[in-house]
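Overview (structure and organization)
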Amino acid sequence: MDPSTRRNRIAWESASEKYVHEHQELLDQARAGSSLFACELELLRPLLASSPAVVHLQSGNGLDDIALVAAGARHVVGVDFSAVAATAAQRRADELGVPCRYVVAELPGAPLRDGCADLVYTGKGALIWLPDLRVWAADIARLLPPGGHLFVHEAHPAVPLWSWDDDEPRIRPDRGYFERSHVNDSFPAHGAVEWQATLGEIINAVLGAGLELRHVAEHPEPFWRQGGVDAAAWRGRLPNTFTLLARKPQSRKQS
């Protein structure tokens, strides 16, 4: 594990303690309704109708996995490099009797067999922890059989530029859209590195892995809001999230 990844993993083990402390609250949220957004469900419903096997890369607190099963997934395998997060997610899934299991592993390089996932789901703060999206996309292509799908709902790559001013949107003077990375000193274990990629780089990584792009959309709504903050950047004028759907092509028959 390279030094940046090691620092990030330490940071996430610390940050994921909240999933342990908030166990009952998260359990109540899972029982109350889906954590998936309407823009996600619109694209996912046709895929989930066939009861797919799902792999969720960087699965975090696992609430989306419970929601995916409730929406039709046969089962979900979550992969996360935080043992704390994976253990807490497994406990919740077990208490709810939901067919989810969790694997602790560094990504890319999920320790799962080729072609095991009809649908790979990821996003909501996942891509910023990956320095090489080409390797990430290639690993996803390996996990999918022909006809399998990748679905991403993620923060828009422009989000690091937006300030949290409440009077009007502003671009932060210390960030650039084409930067490679920045250090997030507000994250647990100071020195955590967040990697940046443009929307074009994300799409090209997916295409470069041999997947067919089926849908891309940009949305003004963020997937997460800091408590007590009402940023003008979140009020509909700027992109804050995007969704992407891609498919692994069906194998061509030999002539």
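About the criteria used
- Residues numbered from 1 in each chain as written.
- Predicted model: local features only at pLDDT ≥ 70, side-chain atom pairs only at ≥ 80, totals over all residues.
- Heavy atoms only, no water.
- Helix = DSSP H or I, 4+ residues; strand = E, 2+ residues; numbered from the N terminus.
- Buried < 20%, exposed > 50% of the residue type's maximum accessible area, 1.4 Å probe, protein only.
- Contact = heavy atoms within 4.5 Å.
- Core = buried A, V, L, I, M, F, W, Y, C linked by side-chain atoms within 4.5 Å.
- Axes fitted to C-alpha atoms, helices over the stretch in contact; angles between N-to-C directions.
- Parallel < 35°, antiparallel > 145°, perpendicular 65-115°, else oblique.
- Left-handed = near helix turned anticlockwise from the far one by under 90°.

Details of the environment of Gly115
For Gly115, the location among the structural elements is in the loop between β3 (100–104) and β4 (119–123). A relative accessible area of 28% places Gly115 in the partly exposed class. Linking Gly115 and Arg172, residues 57 residues apart in sequence, is a C-alpha distance of 42 Å. Once you skip the residues sitting within four places of it in the chain, Gly115 turns out to touch Arg142, Leu143, Leu144 and Pro145.

Some details on the nonpolar core
Of all hydrophobic cores here, the largest spans 35 residues; its most connected members are Leu44 and Leu68. Within the residue set of this core, elements represented by two or more residues are α1 (3–15), α3 (23–32), α4 (38–48), α5 (63–70), α6 (83–96), β3 and β4. The residues contacting Leu68, other than those within four sequence positions of it, are Leu36, Leu44, Leu48, Val54, Ala73, Val76 and Tyr121. Listed in part, the 33 residues of the second largest apolar core include Leu133, Trp136, Leu150 and Leu199.

Description of the packing of α3 against α6
Direction vectors running N to C along α3 and α6 enclose 50°, while the axes themselves pass 11 Å from each other. As far as their axial angle goes, α6 and α3 are oblique. Between α3 and α6 lies a crossing whose hand is right-handed. Counting all contacts with α3, which are made through His23, Leu26, Leu27, Ala30 and Arg31, the residues of α6 involved are Arg91, Arg92, Glu95 and Leu96.

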